[in-house]
Amino acid sequence: MYVNKPKKLNQKLRDKVWDKLWKDTKLGCQKEFISELESIKPEYILNCCTKKFKKEINEKLGEGMDKKNKYKILQLPHPCTDAFVESLKCGVNFLNIKANHKN
């Protein structure tokens, strides 16, 4: 997904690939993702998706998880962004980030 320059991400291509993988019911990525989460029963989920997909993923997590599983969704910037790198430099403690509680 990198074009010409090794550090230059082709964002349109990345978004198209992600959108296709996520929404194609024949591939079953959403179902497999939720199933995997249900099997490991996480206490926290870090959502580091891009702004374009963050809300959609949070909604899917909210509707897809078994209501018996209690977990918190922690939202962070996408790892390819300067904001994510800066948050790490500032010593972000992931457990102190305001969480979206889902029950």
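Predicted model, so just to flag it, every value in this text is computed and none were measured. (Residues numbered from 1 in each chain as written. Predicted model: local features only at pLDDT ≥ 70, side-chain atom pairs only at ≥ 80, totals over all residues. Heavy atoms only, no water.)

## Focus on the overall build of the chain
Each helix and strand in the chain was counted, giving four helices and three strands. The linear arrangement of helices and strands in the chain, starting from the amino end, is α-α-β-α-β-α-β. Counting only residues that meet the buried cut, the chain has 30% of its 103 residues in that class. Of the contacts made within the chain by residues no fewer than 6 positions apart, 62% connect residues no fewer than 24 positions apart. If you sum the accessible surface of the chain, you get close to 7800 Å²; carbon and sulfur atoms cover 55% of it. (Helix = DSSP H or I, 4+ residues; strand = E, 2+ residues; numbered from the N terminus. Buried < 20%, exposed > 50% of the residue type's maximum accessible area, 1.4 Å probe, protein only. Contact = heavy atoms within 4.5 Å. Areas by Shrake-Rupley, 256 points an atom, 1.4 Å probe, with all protein chains shown as cover.)

## Overview of the nonpolar core
Counting residues in hydrophobic clusters, the biggest one holds ten residues: Trp22, Ile34, Leu37, Ile45, Cys49, Phe53, Ile57, Leu61, Tyr71 and Ile73. Among the secondary structure elements, those contributing two or more residues to this core are helix 2 (29–40), helix 3 (51–64) and strand 2 (71–75). Tallying contributions element by element places helix 3 first for this core, with three residues. (Core = buried A, V, L, I, M, F, W, Y, C linked by side-chain atoms within 4.5 Å.)

## Overview of the pattern of salt bridges
Close approach of charged atoms allows side chains of opposite charge to pair. In the structure shown here, the tally under the stated rule is three salt bridges. Measuring nitrogen to oxygen at the nearest pair gives 2.9 Å for the salt bridge that ties aspartate 15 to arginine 14. Each member of the pair, aspartate 15 together with arginine 14, is buried. With a closest N to O distance of 3.3 Å, lysine 20 and aspartate 24 form a salt bridge. Residue aspartate 24 is classed as buried on the basis of its relative accessible area of 18%. (Salt bridge = Lys/Arg side-chain N within 4 Å of Asp/Glu carboxyl O.)

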